[in-house]
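Observations on chain architecture
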Amino acid sequence: MSTSPPFRTPEECRSLIEGSGISIAEWARENRFSCGLVYQVLEGKRRCLRGQSHKIAVALGLKAGQLIDVQMLSQMLSGLQQEEETM
C-alpha cells in the first residue's frame, strides 16, 4: 500500500516562510520567481499547471511534480524515442 507524499497547504507555506524570518518576496527572489506570481499561487489564483506557477507550487510543496527545464525534458523524450526505435 503506497501513500502519497504529504503536501502543504498555502497557509502552511506562508507560516513556514514567515516563521523563518524572511518575507515571501525575499523567498521568491532567492528562488528566482516572480514575487507577484508567488503571491498569486499562495492565494489560489493560479491553477499551477505549467510554467513558472507550476515550478512555484512544486518548490513550495503544494503539489507533486518535477522541476526540469525544457532542454532536459527534450533530452528525456528523445532518449525514449531512441529506445523505441532500437526495439
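The structure we're discussing is the one just above.
To start, this report covers the structure provided alongside it.

1. Re the side chain of Ser53
Take Ser53: it is sitting in helix H4 (residues 51-60). A distance of 3.3 Å separates a polar atom in the side chain of Ser53 from the backbone oxygen of Arg50. Residues in contact with Ser53, not counting those within four places in the same chain, are Leu37, Val41, Arg46 and Cys48.

2. Focus on the packing of aromatic side chains
Scanning all chains against the criterion turns up 1 aromatic pair. On the numbers, 5.7 Å between centres and 35° between planes, the contact of Trp27 with Phe33 is tilted.

3. Some remarks on the environment of Phe33
Relative to the assigned elements, Phe33 resides in the loop between helix H2 (24-30) and helix H3 (35-42). Owing to a relative accessible area of 13%, Phe33 belongs among the buried residues under this scheme. Along the sequence, Phe33 and Ile56 sit 23 residues apart, while their C-alpha atoms lie 7.3 Å from each other. Contact partners of Phe33, with chain neighbours within four places excluded, come to Trp27, Ala28, Val38, Gln52, Lys55, Ile56 and Ala59.

4. What about the nonpolar core?
Residues Trp27, Val38, Val41, Ile56 and Leu60 are the most contacted members of the largest nonpolar core, which totals 15 residues. Counting only elements with at least two residues in this core, the list comes to helix H1 (10-19), H2, H3 and H4. The biggest single contributor to this core is H3, with 4 residues. The contacts of Leu60, once residues within four sequence positions are left out, are Arg8, Cys13, Ile17, Trp27, Val41 and Leu42.

5. Section: unusual backbone geometry
Although it is not a glycine, Arg32 sits at a positive phi angle of roughly 60°. Relative to the elements of secondary structure, Arg32 occurs in the loop between H2 and H3. For Arg32, a relative accessible area of 75% corresponds to the exposed category. Unusually for a residue other than glycine, Cys48 sits at a positive phi of about 60°. Position of Cys48 among the secondary structure elements: in the loop between H3 and H4.

Conventions adopted
Residues numbered from 1 in each chain as written. Predicted model: local features only at pLDDT ≥ 70, side-chain atom pairs only at ≥ 80, totals over all residues. Heavy atoms only, no water. Helix = DSSP H or I, 4+ residues; strand = E, 2+ residues; numbered from the N terminus. Polar contact = N/O pair within 3.5 Å; in protein donor to acceptor, adjacent residues only side chain to side chain. Contact = heavy atoms within 4.5 Å. Phe/Tyr/Trp six-rings, centres within 6.5 Å; stacked < 30°, edge-to-face > 60°. Buried < 20%, exposed > 50% of the residue type's maximum accessible area, 1.4 Å probe, protein only. Core = buried A, V, L, I, M, F, W, Y, C linked by side-chain atoms within 4.5 Å.

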